[in-house]
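Listed below, chain by chain, are the residues.
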Amino acid sequence: MQAALDPYTPGSGKPPQALVGRDNDIDALDALIVRAARGLGPARPILLTGLRGVGKTVLLNAMMDRAAAEKWFTVKIEASRGKAGAVRARRAIAAGLVRASMAYRARSAVAAVGRMLATVSSFSVSVGADSFSLGVERDPVRASTGSLDLDLQDVVADVSGVLEQERVAFVILVDEMQDLDGELLSALITTQHEASQRDWNFYVIGAGLPSLPGKLATAKSYAERMFLVRRIGRLNEAESRRVLVEPAERMGASFEEPALTHLVNISGRYPYFLQEFGSAIWRISPRSPFTGADARRAEAVGLAQLDAMFFAARWERVTPAEREYLGAMAEEVDDSPTSTAIAARLNRSAQSLGPARANLINKGLIYAPQRGRIAFTVPGFGQYIARQMAQEQG
Ligand SMILES: Nc1ncnc2c1ncn2[C@@H]1O[C@H](COP(=O)(O)OP(=O)(O)O)[C@@H](O)[C@H]1O
Ligand SMILES: [Mg+2]
(Lines give C-alpha, C1' and ligand atoms only; values in the text may rest on other atoms or scores of the structure.)
(Ligands and ions follow the chains in the order given, each with its own letter.)
Protein backbone atom coordinates (compact mmCIF):
# COMPACT_ATOMS: atom_id res chain seq x y z
CA MET A 1 0.00 0.00 0.00
CA GLN A 2 1.08 3.59 -0.36
CA ALA A 3 3.34 4.50 2.55
CA ALA A 4 2.13 8.09 2.41
CA LEU A 5 -1.36 6.89 3.31
CA ASP A 6 -0.26 4.73 6.28
CA PRO A 7 -3.00 5.32 8.89
CA TYR A 8 -1.09 3.81 11.83
CA THR A 9 0.69 5.92 14.41
CA PRO A 10 3.67 4.16 16.00
CA GLY A 11 5.66 6.54 18.20
CA SER A 12 5.70 8.18 21.57
CA GLY A 13 2.52 10.11 22.32
CA LYS A 14 1.25 9.97 18.71
CA PRO A 15 -2.55 10.18 18.82
CA PRO A 16 -4.02 7.01 17.30
CA GLN A 17 -6.79 7.23 14.71
CA ALA A 18 -8.89 5.15 17.05
CA LEU A 19 -8.31 5.60 20.79
CA VAL A 20 -9.43 2.14 21.77
CA GLY A 21 -10.22 0.63 25.16
CA ARG A 22 -9.87 3.72 27.34
CA ASP A 23 -13.51 4.68 27.79
CA ASN A 24 -13.51 3.96 31.51
CA ASP A 25 -10.50 6.18 32.02
CA ILE A 26 -12.08 9.02 30.08
CA ASP A 27 -15.23 8.49 32.16
CA ALA A 28 -13.17 9.07 35.30
CA LEU A 29 -12.27 12.51 34.00
CA ASP A 30 -15.81 13.19 32.85
CA ALA A 31 -16.97 12.51 36.40
CA LEU A 32 -14.71 15.34 37.59
CA ILE A 33 -16.09 17.62 34.89
CA VAL A 34 -19.65 16.88 35.94
CA ARG A 35 -18.86 17.55 39.59
CA ALA A 36 -17.29 20.90 38.80
CA ALA A 37 -20.18 21.87 36.50
CA ARG A 38 -22.73 21.09 39.18
CA GLY A 39 -20.79 22.93 41.86
CA LEU A 40 -20.26 19.75 43.88
CA GLY A 41 -17.00 19.52 45.77
CA PRO A 42 -13.91 18.09 44.07
CA ALA A 43 -13.34 14.33 43.89
CA ARG A 44 -10.10 12.39 43.82
CA PRO A 45 -7.44 13.33 41.26
CA ILE A 46 -6.20 10.65 38.84
CA LEU A 47 -2.95 8.83 38.23
CA LEU A 48 -2.40 6.80 35.07
CA THR A 49 0.29 4.18 35.52
CA GLY A 50 1.71 1.54 33.24
CA LEU A 51 4.62 0.24 31.21
CA ARG A 52 6.15 2.14 28.30
CA GLY A 53 4.10 2.06 25.13
CA VAL A 54 0.71 1.25 26.65
CA GLY A 55 -0.73 4.66 25.83
CA LYS A 56 -0.45 6.83 28.94
CA THR A 57 0.69 9.96 27.13
CA VAL A 58 -1.98 9.64 24.48
CA LEU A 59 -4.62 9.20 27.17
CA LEU A 60 -3.31 12.11 29.24
CA ASN A 61 -3.46 14.33 26.15
CA ALA A 62 -7.00 13.16 25.42
CA MET A 63 -7.94 14.10 28.98
CA MET A 64 -6.35 17.50 28.59
CA ASP A 65 -8.23 18.15 25.34
CA ARG A 66 -11.45 17.19 27.03
CA ALA A 67 -10.82 19.43 30.01
CA ALA A 68 -9.79 22.31 27.76
CA ALA A 69 -12.96 21.87 25.68
CA GLU A 70 -14.92 22.38 28.90
CA LYS A 71 -12.96 25.61 29.38
CA TRP A 72 -11.01 24.20 32.27
CA PHE A 73 -7.83 25.99 33.24
CA THR A 74 -5.21 23.49 32.02
CA VAL A 75 -1.44 23.37 32.42
CA LYS A 76 0.54 20.41 31.13
CA ILE A 77 4.17 19.56 31.76
CA GLU A 78 6.48 16.65 31.07
CA ALA A 79 8.85 15.89 33.92
CA SER A 80 12.44 14.85 33.34
CA ARG A 81 15.26 13.85 35.65
CA GLY A 82 18.13 15.89 37.04
CA LYS A 83 18.72 19.53 37.88
CA ALA A 84 17.90 20.72 34.38
CA GLY A 85 14.67 18.76 34.49
CA ALA A 86 13.68 20.42 37.75
CA VAL A 87 14.30 23.89 36.34
CA ARG A 88 12.43 23.04 33.15
CA ALA A 89 9.39 21.73 35.05
CA ARG A 90 9.07 24.93 37.12
CA ARG A 91 9.36 27.11 34.05
CA ALA A 92 6.84 24.97 32.21
CA ILE A 93 4.34 25.39 35.03
CA ALA A 94 4.90 29.13 35.09
CA ALA A 95 4.62 29.41 31.32
CA GLY A 96 1.50 27.23 31.29
CA LEU A 97 -0.08 29.34 34.03
CA VAL A 98 0.60 32.52 32.13
CA ARG A 99 -0.78 31.08 28.89
CA ALA A 100 -3.93 29.81 30.59
CA SER A 101 -4.36 33.13 32.43
CA MET A 102 -4.15 35.12 29.21
CA ALA A 103 -6.75 32.91 27.57
CA TYR A 104 -8.92 33.29 30.61
CA ARG A 105 -8.56 37.06 30.77
CA ALA A 106 -9.57 37.28 27.11
CA ARG A 107 -12.91 35.67 27.71
CA SER A 108 -13.88 36.43 31.27
CA ALA A 109 -15.54 39.36 32.93
CA VAL A 110 -15.06 38.16 36.48
CA ALA A 111 -13.77 40.99 38.60
CA ALA A 112 -11.37 38.84 40.62
CA VAL A 113 -9.34 38.00 37.51
CA GLY A 114 -6.98 40.90 38.18
CA ARG A 115 -5.95 39.45 41.49
CA MET A 116 -5.47 36.02 39.99
CA LEU A 117 -3.20 37.48 37.30
CA ALA A 118 -1.15 39.32 39.90
CA THR A 119 -0.66 36.10 41.84
CA VAL A 120 0.32 34.15 38.72
CA SER A 121 2.76 36.91 37.91
CA SER A 122 4.34 36.63 41.36
CA PHE A 123 4.56 32.87 41.05
CA SER A 124 6.46 33.19 37.76
CA VAL A 125 8.96 35.47 39.40
CA SER A 126 9.22 33.21 42.40
CA VAL A 127 10.22 30.20 40.28
CA GLY A 128 12.67 32.26 38.25
CA ALA A 129 10.59 32.52 35.10
CA ASP A 130 10.03 36.28 35.14
CA SER A 131 10.37 36.61 31.40
CA PHE A 132 6.71 35.69 30.97
CA SER A 133 5.14 39.07 31.45
CA LEU A 134 1.42 39.28 31.95
CA GLY A 135 1.41 43.02 31.72
CA VAL A 136 0.14 43.25 35.29
CA GLU A 137 1.77 44.20 38.54
CA ARG A 138 2.78 41.23 40.62
CA ASP A 139 1.11 40.85 43.95
CA PRO A 140 3.72 41.66 46.60
CA VAL A 141 2.24 39.28 49.18
CA ARG A 142 0.75 36.40 47.21
CA ALA A 143 2.96 33.59 45.88
CA SER A 144 6.14 35.42 46.78
CA THR A 145 7.67 33.56 49.71
CA GLY A 146 10.14 31.75 47.46
CA SER A 147 9.03 28.52 49.04
CA LEU A 148 7.56 26.44 46.25
CA ASP A 149 4.77 24.69 48.13
CA LEU A 150 3.46 27.88 49.74
CA ASP A 151 3.62 29.84 46.51
CA LEU A 152 1.90 27.08 44.59
CA GLN A 153 -0.87 27.00 47.17
CA ASP A 154 -1.42 30.73 46.75
CA VAL A 155 -1.70 30.34 42.98
CA VAL A 156 -4.08 27.44 43.26
CA ALA A 157 -6.21 29.20 45.87
CA ASP A 158 -6.53 32.35 43.77
CA VAL A 159 -7.05 30.62 40.44
CA SER A 160 -9.61 28.14 41.71
CA GLY A 161 -11.35 30.92 43.59
CA VAL A 162 -12.01 32.66 40.29
CA LEU A 163 -12.86 29.46 38.44
CA GLU A 164 -15.39 28.38 41.02
CA GLN A 165 -17.77 31.06 39.88
CA GLU A 166 -17.64 29.65 36.38
CA ARG A 167 -18.00 26.07 37.55
CA VAL A 168 -14.80 24.87 36.00
CA ALA A 169 -11.62 23.51 37.54
CA PHE A 170 -7.87 24.00 37.37
CA VAL A 171 -5.81 20.98 36.37
CA ILE A 172 -2.07 20.45 36.18
CA LEU A 173 -1.27 17.42 34.03
CA VAL A 174 2.13 15.85 34.60
CA ASP A 175 3.53 13.30 32.17
CA GLU A 176 6.48 11.08 33.21
CA MET A 177 5.58 12.08 36.75
CA GLN A 178 7.97 9.51 38.27
CA ASP A 179 10.79 11.80 37.08
CA LEU A 180 9.56 14.89 38.92
CA ASP A 181 12.03 16.24 41.47
CA GLY A 182 11.18 15.73 45.12
CA GLU A 183 10.53 19.38 45.92
CA LEU A 184 8.03 19.93 43.13
CA LEU A 185 6.41 16.55 43.71
CA SER A 186 5.90 17.38 47.39
CA ALA A 187 4.60 20.84 46.54
CA LEU A 188 2.02 19.38 44.16
CA ILE A 189 0.92 16.76 46.66
CA THR A 190 0.64 19.23 49.54
CA THR A 191 -1.33 21.61 47.36
CA GLN A 192 -3.63 18.82 46.23
CA HIS A 193 -4.12 17.81 49.83
CA GLU A 194 -4.90 21.38 50.83
CA ALA A 195 -7.31 21.66 47.89
CA SER A 196 -9.32 18.65 48.96
CA GLN A 197 -9.65 20.05 52.48
CA ARG A 198 -10.66 23.48 51.25
CA ASP A 199 -12.90 22.29 48.41
CA TRP A 200 -10.82 24.02 45.76
CA ASN A 201 -11.50 22.70 42.29
CA PHE A 202 -7.92 21.76 41.62
CA TYR A 203 -6.53 18.51 40.28
CA VAL A 204 -3.13 17.08 39.61
CA ILE A 205 -3.51 14.40 36.95
CA GLY A 206 -0.36 12.38 36.49
CA ALA A 207 0.92 9.72 34.15
CA GLY A 208 3.95 7.58 34.78
CA LEU A 209 5.60 4.22 35.21
CA PRO A 210 4.20 1.64 37.63
CA SER A 211 6.67 2.92 40.22
CA LEU A 212 4.78 6.23 40.44
CA PRO A 213 2.37 5.44 43.30
CA GLY A 214 5.33 4.26 45.38
CA LYS A 215 7.20 7.48 44.59
CA LEU A 216 4.28 9.51 45.83
CA ALA A 217 4.03 7.50 49.01
CA THR A 218 7.72 8.12 49.65
CA ALA A 219 7.29 11.87 49.16
CA LYS A 220 4.26 12.07 51.49
CA SER A 221 2.92 9.06 53.30
CA TYR A 222 -0.72 10.00 52.70
CA ALA A 223 -0.26 10.76 48.99
CA GLU A 224 -0.98 7.35 47.52
CA ARG A 225 -4.48 7.24 49.01
CA MET A 226 -5.34 10.70 47.71
CA PHE A 227 -5.31 9.61 44.09
CA LEU A 228 -7.48 7.35 42.03
CA VAL A 229 -4.85 5.09 40.50
CA ARG A 230 -5.82 3.75 37.08
CA ARG A 231 -3.57 1.04 35.72
CA ILE A 232 -3.21 1.39 31.97
CA GLY A 233 -2.30 -1.89 30.40
CA ARG A 234 -2.57 -4.13 27.41
CA LEU A 235 -5.79 -4.18 25.44
CA ASN A 236 -8.07 -7.19 25.25
CA GLU A 237 -8.47 -9.27 22.12
CA ALA A 238 -11.45 -7.38 20.67
CA GLU A 239 -9.88 -3.98 21.37
CA SER A 240 -6.59 -5.05 19.80
CA ARG A 241 -8.41 -6.06 16.65
CA ARG A 242 -10.08 -2.66 16.50
CA VAL A 243 -6.71 -0.90 16.75
CA LEU A 244 -5.73 -2.67 13.53
CA VAL A 245 -9.04 -2.78 11.70
CA GLU A 246 -10.47 0.70 12.19
CA PRO A 247 -7.66 2.80 10.72
CA ALA A 248 -7.46 0.44 7.71
CA GLU A 249 -11.21 0.58 7.20
CA ARG A 250 -11.15 4.34 7.02
CA MET A 251 -8.74 4.01 4.12
CA GLY A 252 -10.90 1.36 2.46
CA ALA A 253 -8.54 -1.51 3.35
CA SER A 254 -9.14 -4.72 5.31
CA PHE A 255 -7.57 -7.81 6.87
CA GLU A 256 -8.15 -11.47 6.18
CA GLU A 257 -8.74 -13.33 9.44
CA PRO A 258 -5.34 -15.11 9.59
CA ALA A 259 -3.52 -11.78 9.16
CA LEU A 260 -5.46 -10.16 11.97
CA THR A 261 -5.01 -13.09 14.36
CA HIS A 262 -1.29 -13.25 13.69
CA LEU A 263 -0.64 -9.55 14.27
CA VAL A 264 -2.74 -9.43 17.42
CA ASN A 265 -0.81 -12.42 18.78
CA ILE A 266 2.68 -11.19 18.08
CA SER A 267 1.91 -7.69 19.41
CA GLY A 268 1.14 -9.08 22.86
CA ARG A 269 -1.85 -6.68 22.63
CA TYR A 270 0.38 -3.69 23.49
CA PRO A 271 -0.88 -0.52 21.77
CA TYR A 272 2.53 0.62 20.57
CA PHE A 273 3.35 -2.80 19.12
CA LEU A 274 -0.03 -2.98 17.41
CA GLN A 275 0.67 0.35 15.74
CA GLU A 276 4.12 -0.77 14.64
CA PHE A 277 2.85 -4.04 13.12
CA GLY A 278 -0.13 -2.25 11.57
CA SER A 279 2.22 0.20 9.94
CA ALA A 280 4.48 -2.65 8.77
CA ILE A 281 1.71 -4.64 7.09
CA TRP A 282 0.39 -1.49 5.48
CA ARG A 283 3.75 -0.66 3.98
CA ILE A 284 4.77 -4.10 2.74
CA SER A 285 1.45 -5.36 1.39
CA PRO A 286 0.95 -5.02 -2.36
CA ARG A 287 -2.84 -4.88 -1.92
CA SER A 288 -5.73 -5.23 0.50
CA PRO A 289 -7.20 -7.42 1.98
CA PHE A 290 -4.02 -8.26 3.86
CA THR A 291 -3.27 -11.99 4.00
CA GLY A 292 -1.62 -14.31 6.50
CA ALA A 293 1.48 -14.30 4.30
CA ASP A 294 1.56 -10.48 4.42
CA ALA A 295 1.32 -10.67 8.21
CA ARG A 296 4.30 -13.01 8.46
CA ARG A 297 6.41 -10.66 6.36
CA ALA A 298 5.15 -7.72 8.42
CA GLU A 299 6.26 -9.54 11.56
CA ALA A 300 9.90 -9.46 10.48
CA VAL A 301 9.72 -5.83 9.35
CA GLY A 302 7.83 -4.72 12.46
CA LEU A 303 10.20 -6.52 14.82
CA ALA A 304 13.23 -4.94 13.15
CA GLN A 305 11.54 -1.58 13.54
CA LEU A 306 10.76 -2.24 17.20
CA ASP A 307 14.32 -3.34 17.87
CA ALA A 308 15.67 -0.21 16.23
CA MET A 309 13.17 2.30 17.62
CA PHE A 310 12.13 0.98 20.98
CA PHE A 311 14.77 -1.34 22.36
CA ALA A 312 18.19 -0.51 20.91
CA ALA A 313 18.32 3.05 22.22
CA ARG A 314 17.62 1.77 25.73
CA TRP A 315 20.06 -1.14 25.53
CA GLU A 316 22.81 1.18 24.35
CA ARG A 317 22.34 3.44 27.34
CA VAL A 318 23.44 0.87 29.92
CA THR A 319 26.89 0.08 31.30
CA PRO A 320 28.42 -3.44 31.17
CA ALA A 321 27.54 -4.05 34.85
CA GLU A 322 23.96 -3.00 34.22
CA ARG A 323 23.82 -5.21 31.12
CA GLU A 324 24.85 -8.16 33.21
CA TYR A 325 22.01 -7.43 35.60
CA LEU A 326 19.47 -7.05 32.80
CA GLY A 327 20.78 -10.23 31.17
CA ALA A 328 20.17 -12.17 34.37
CA MET A 329 16.65 -10.73 34.58
CA ALA A 330 15.98 -11.74 30.98
CA GLU A 331 16.92 -15.34 31.81
CA GLU A 332 14.35 -15.54 34.60
CA VAL A 333 11.04 -17.18 33.77
CA ASP A 334 9.23 -15.05 36.31
CA ASP A 335 8.15 -11.60 35.01
CA SER A 336 9.06 -10.03 38.32
CA PRO A 337 11.88 -12.06 39.87
CA THR A 338 13.29 -11.30 43.32
CA SER A 339 16.57 -9.40 43.61
CA THR A 340 17.87 -12.41 45.51
CA ALA A 341 17.18 -14.70 42.56
CA ILE A 342 19.10 -12.36 40.24
CA ALA A 343 22.00 -12.24 42.67
CA ALA A 344 22.04 -16.04 42.93
CA ARG A 345 22.06 -16.35 39.15
CA LEU A 346 25.07 -14.04 38.97
CA ASN A 347 26.79 -15.65 41.93
CA ARG A 348 26.90 -12.33 43.72
CA SER A 349 25.48 -10.82 46.87
CA ALA A 350 22.29 -8.81 46.42
CA GLN A 351 24.08 -5.95 48.16
CA SER A 352 26.94 -5.79 45.69
CA LEU A 353 24.37 -5.55 42.88
CA GLY A 354 22.58 -2.70 44.64
CA PRO A 355 24.21 0.10 42.64
CA ALA A 356 23.48 -1.50 39.23
CA ARG A 357 19.89 -2.12 40.30
CA ALA A 358 19.50 1.46 41.55
CA ASN A 359 20.97 2.92 38.35
CA LEU A 360 18.62 0.87 36.20
CA ILE A 361 15.65 2.04 38.25
CA ASN A 362 16.91 5.59 37.90
CA LYS A 363 17.19 5.22 34.13
CA GLY A 364 13.57 4.07 34.10
CA LEU A 365 14.38 0.65 32.65
CA ILE A 366 13.27 -1.47 35.59
CA TYR A 367 11.04 -0.90 38.60
CA ALA A 368 10.13 -2.68 41.81
CA PRO A 369 6.53 -3.93 41.50
CA GLN A 370 6.78 -5.14 45.09
CA ARG A 371 9.41 -4.93 47.76
CA GLY A 372 12.39 -7.07 46.85
CA ARG A 373 11.15 -7.78 43.34
CA ILE A 374 12.14 -6.28 40.04
CA ALA A 375 10.58 -6.04 36.55
CA PHE A 376 11.15 -4.40 33.17
CA THR A 377 9.30 -1.14 32.44
CA VAL A 378 9.41 -1.87 28.72
CA PRO A 379 7.25 -4.76 27.49
CA GLY A 380 9.21 -7.38 25.55
CA PHE A 381 12.57 -6.00 26.73
CA GLY A 382 13.51 -9.35 28.29
CA GLN A 383 13.06 -11.18 24.99
CA TYR A 384 14.98 -8.47 23.16
CA ILE A 385 17.90 -8.82 25.57
CA ALA A 386 17.87 -12.59 25.21
CA ARG A 387 18.03 -12.19 21.40
CA GLN A 388 20.82 -9.67 21.77
CA MET A 389 22.90 -11.81 24.12
CA ALA A 390 22.50 -14.86 21.90
CA GLN A 391 23.78 -12.78 18.97
CA GLU A 392 26.74 -11.43 20.93
CA GLN A 393 27.72 -14.91 22.12
CA GLY A 394 27.08 -16.61 18.79
N1 LIG B 1 -5.82 3.37 23.23
C2 LIG B 1 -5.03 3.24 22.17
N3 LIG B 1 -5.48 2.68 21.03
C4 LIG B 1 -4.66 2.58 19.97
N5 LIG B 1 -3.39 2.99 19.93
C6 LIG B 1 -2.88 3.55 21.04
C7 LIG B 1 -3.68 3.70 22.20
N8 LIG B 1 -2.92 4.27 23.15
C9 LIG B 1 -1.71 4.48 22.61
N10 LIG B 1 -1.67 4.05 21.33
C11 LIG B 1 -0.46 4.07 20.48
O12 LIG B 1 0.57 3.46 21.26
C13 LIG B 1 1.80 4.17 21.16
C14 LIG B 1 2.32 4.56 22.52
O15 LIG B 1 1.50 5.53 23.13
P16 LIG B 1 2.05 6.48 24.30
O17 LIG B 1 0.91 7.28 24.76
O18 LIG B 1 3.27 7.19 23.85
O19 LIG B 1 2.45 5.39 25.41
P20 LIG B 1 3.16 5.64 26.83
O21 LIG B 1 3.05 7.09 27.15
O22 LIG B 1 2.40 4.76 27.79
O23 LIG B 1 4.57 5.18 26.67
C24 LIG B 1 1.54 5.29 20.17
O25 LIG B 1 2.02 4.83 18.93
C26 LIG B 1 0.04 5.46 20.14
O27 LIG B 1 -0.41 5.88 18.88
MG1 LIG C 1 4.48 8.47 27.56
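Residues numbered from 1 in each chain as written. Chains lettered and ligands numbered in written order. Predicted model: local features only at pLDDT ≥ 70, side-chain atom pairs only at ≥ 80, totals over all residues. Heavy atoms only, no water.

Engineer: Go over the site of ligand 1, please, and point to the residues and values.
Structural biologist: Taken together, 23 residues lie near ligand 1, and Thr9, Gly13, Lys14, Gly53 and Lys56 sit nearest. Contact between ligand 1 and Gly13: an oxygen atom at 2.5 Å from a main-chain N or O atom of the residue. Measuring from an oxygen atom of ligand 1, one finds a backbone N or O atom of Val58 at 2.8 Å. Protein chains bury 96% of the 560 Å² of accessible surface belonging to ligand 1 in isolation. Of all elements in the fold, only α2 (56-69) and α11 (271-284) reach the threshold of two or more residues within the shell around ligand 1. Here the shell around ligand 1 is built from residues that sort into 11 nonpolar, eight polar and four charged. For the shell around ligand 1, the domains that each give at least three residues are domain 1 (23-231) and domain 2 (236-314). (Near = heavy atom within 4 Å. Polar contact = N/O pair within 3.5 Å; in protein donor to acceptor, adjacent residues only side chain to side chain. Areas by Shrake-Rupley, 256 points an atom, 1.4 Å probe, with all protein chains shown as cover. Helix = DSSP H or I, 4+ residues; strand = E, 2+ residues; numbered from the N terminus. Nonpolar A, V, L, I, M, F, W, Y, C, P; charged D, E, K, R; others polar. Domains from an automatic or database assignment.)

Engineer: Describe the sheet that holds strand β5 (residues 228-231), listing the residues and the values that go with them.
Structural biologist: Strands sit in the order β2-β3-β4-β1-β5 across an open sheet of five strands; the sheet is parallel. Two strands bound the open sheet, and with one partner strand each, they are β2 (73-78) and β5. Going from strand to strand, the sheet's axes swing by 15 degrees on average, the running direction of each strand aside. With six bridges joining them, β2 and strand β3 (residues 170-175) adopt parallel strand pairing. Each residue of the ladder has a partner; that of Thr74, found in β3, is Val171. Across the sheet, helix α7 (residues 212-219) is in contact with β1 (46-49), β4 (202-208) and β5; its angle to β1 comes to roughly 135 degrees. (Pairing = 2+ DSSP bridges. Axes fitted to C-alpha atoms, helices over the stretch in contact; angles between N-to-C directions. Contact = heavy atoms within 4.5 Å.)

Engineer: I'd like to hear about unusual backbone geometry, residue by residue, with values.
Structural biologist: The linkage connecting Ser288 with the following residue, Pro289, adopts the cis geometry, with an omega of -5 degrees. Following the sequence through the fold, Pro289 ends up in the loop between α11 and α12 (292-315). Positive phi, normally seen in glycine, also occurs at Glu176, with a value near 50 degrees. On the basis of relative accessibility, which here comes to 18%, the residue Glu176 falls in the buried class. The phi dihedral of Asn347 falls on the positive side, at around 60 degrees, and the residue is not glycine. Here Asn347 lies in the loop between α14 (339-345) and α15 (354-362). By relative accessible area, which is 74% here, Asn347 ends up exposed. (Buried < 20%, exposed > 50% of the residue type's maximum accessible area, 1.4 Å probe, protein only.)

Engineer: Requested: an account of the domain arrangement of the chain, with residues and values cited.
Structural biologist: Parsing the chain into structural domains produces domain 1 (23-231), domain 2 (236-314) and domain 3 (318-393). The C-alpha centroid of domain 3 is placed 29 Å from the C-alpha centroid of domain 2. Both faces considered, domain 2 and domain 3 share a buried interface measuring about 720 Å² in area, 71% of it formed by carbon and sulfur atoms. On the domain 2 side of the interface with domain 3, the three residues burying the most area are Asp307, Phe311 and Arg314, jointly 67% of the side's total. At the junction of domain 2 and domain 3, the tally comes to one salt bridge. The closest approach of N and O atoms between Asp307 and Arg387, which form a salt bridge, is 2.8 Å. Applying the counting rule to domain 2 against domain 3 returns one residue pair in polar contact (both at pLDDT 80 or more). Taken together, the residues of the side of domain 2 that touches domain 3 sort by class into six nonpolar, no polar and two charged. (Buried area = accessible area lost by both parts, 1.4 Å probe. Salt bridge = Lys/Arg side-chain N within 4 Å of Asp/Glu carboxyl O.)

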